[in-house]
Amino acid sequence: MVGSEGACGSLILVGCGKMGTAMLRGWIANDAASRLHVVEPEGTPPDFASGPPVEWHTAADTLPGELVPDAVVFAVKPQVVDAVLPLYRRWVRPETVFISIVAGKTLTGFARLLGAAALVRTMPNTPAAIGRAITVACASPMVTKAQRRLCDRLLAAIGESTWVEDEELLDAVTAVSGSGPAYVFLLIEALARAGEAEGLPPDLAFLLARSTVAGAGELARVSEEHPATLRENVTSPGGIIDAALALVATEGWRDLSLAAVAAAAELPIGQIYRLFGSKQAILCGLYRRIDEAVLAEPPQAEAGEHARDRLFDLLMRRFDALGPYKPAIEVLRRELVTDPLTAMCAGGSLMRSMFWMLAAADIATGGIRGAIAVKLTAAAYLSTMGVWRSDDSPDLARTMAVLDARLRRIERWLAPLHRPRGNGAPLPA
Ligand SMILES: NC(=O)c1ccc[n+]([C@@H]2O[C@H](COP(=O)([O-])OP(=O)(O)OC[C@H]3O[C@@H](n4cnc5c(N)ncnc54)[C@H](OP(=O)(O)O)[C@@H]3O)[C@@H](O)[C@H]2O)c1
């Protein structure tokens, strides 16, 4: 009888290959069942002792007639499962839960061969071999809460587990976690090959690739940061920019040292040098980062829409993206007055940003007229920034009102590359 904490009396494990072995080891180590009956045609694997709590059988027909198991776990290959299931039909009763780890075998497929049984279909993955699987389980309606707890306990032997109520999700689960390890192994191979191609000795390339994937995987598992943030910290200068701007906000720009930025970003100073080379370059990196965020999803041109509206949308997105850096920007505004070099760099970055905002809004940027449009947009943006700095409303209503007014004022310079479609009134030339 299954105990309230999911304790198991007798259990039958059918198939003791790779997955069965991994589960059995965990069950023995954790006293998951008081008696384990294992059916494995090959007999006792060499590294298992025969004797309590495990009783080994080479076929189902030698299992004791009086045996009443709490659980029967199927860990055979999909191609043999249909022939194997009917041999265990004699234990179908509400008190026995049938658990399958067989890939692709549905609850209906099980019920067809076992009849009205309490069934749990699961999908583990290969890290089960080291107790690090992630298993997703789905129960048929007959499975009781106590049997779910028993299942949790048995699956804990090979790692983590979770439940889904919709069995159809198991196909997607198979794609992500069931097949996922193969992609990770492929990544190790690819990294090692890339290292070799760059001249690393094969052993070292393999060591680096394997340890990198293992370490990064563990970091992603234990870290509170989203993997996207962890990735950005490594692959892009984002972490350095954030660290620098946080320092600017508290300690100012003038005395900011690159060594302090390196310490705050927890990176060697050589990496700051490689990626930026100067404080001003970090500031330009911020402009670029904000531009990239805004341009990642430029507004779709709608029929009849003015190019000015699209530009408004892009510039407001810029203000939204800059939100986290407001304290640092306030400091920079005060200090750049006495730092012409940085002011010049920031000015150049601003012009470049405005050029791209206009381009994304489908506004002409070529020739003298385009150059004037860039300059006027920069002026409109800068003067709106003064309002934005003190605009604490969640919807930035004051900022929107001022930006709208400023852009209307320069509208005649914002010539769209393509005339608005639909019923929109054409802009004055
Ligand atoms: N490996 C994975 O990464 C993974 C991941 C998710 C799910 N699964 C599922 O787990 C199941 C087991 O996979 P596995 O990798 O452990 O396979 P495996 O190593 O081949 O183990 C299957 C075992 O079942 C034994 N067997 C065959 N006929 C049997 C019978 N009539 N009664 C009892 N045992 C019998 C096999 O013995 P013989 O060798 O003598 O035939 C073998 O030892 C599969 O259904 C698979 O879909 C595996």
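So, a few notes on the structure that sits alongside this text. (Residues numbered from 1 in each chain as written. Predicted model: local features only at pLDDT ≥ 70, side-chain atom pairs only at ≥ 80, totals over all residues.)

1. Structural notes on the overall build of the protein chain
Helix and strand counts for the protein chain come out as 17 helices and eight strands. Its C-alpha atoms give the protein chain a radius of gyration of 32 Å, more than 25% over the compact-globule value 22 Å for 429 residues. Judged by the C-alpha coordinates and their principal axes, the protein chain covers about 95 × 55 × 45 Å. Looking at the 429 residues of the protein chain, the share that counts as buried comes to 30%. Partitioning the intrachain contacts of the protein chain with sequence separation of at least 6 by distance along the chain shows that 63% fall at a separation of at least 24. (Helix = DSSP H or I, 4+ residues; strand = E, 2+ residues; numbered from the N terminus. Rg over C-alpha atoms; globule rule 2.2 N^0.38 Å. Buried ≥ 20, exposed ≤ 12 C-beta atoms within 10 Å, placed from the backbone. Contact = placed C-beta atoms within 7 Å.)

2. Quick look at the pairing of strand S5 (residues 97-100)
Taking every second residue as pointing to the same face, both faces of S5 are buried, with Val97 and Ile99 on one and Phe98 and Ser100 on the other. With four bridges joining them, strand S4 (residues 71-74) and S5 adopt parallel strand pairing. By the bridge assignment, Val72 is partnered in S5 with Phe98. Considered for its hand, the β-α-β crossover made up of S4, helix H2 (residues 78-84) and S5 is right-handed. (Pairing = 2+ DSSP bridges. Right-handed = clockwise from strand over helix to strand, strands pointing away.)

3. Some thoughts on helix H12 (residues 279-295)
An α-helix turns once every 3.6 residues. As a result, residues three or four positions apart point the same way. The terminal C-alpha atoms of H12, which comprises 17 residues, lie 25 Å apart, in line with the 24 Å expected from a rise of 1.5 Å per residue. Residues of H12 that are buried include every one of Lys279, Ile282, Leu283, Cys284, Leu286, Tyr287, Ile290, Asp291 and Val294, and no others. Among the structural elements, helix H9 (238-251), helix H10 (258-265), helix H13 (307-322) and helix H15 (340-360) are those in contact with the buried residues of H12. (Expected span 1.5 Å × (residues − 1).)

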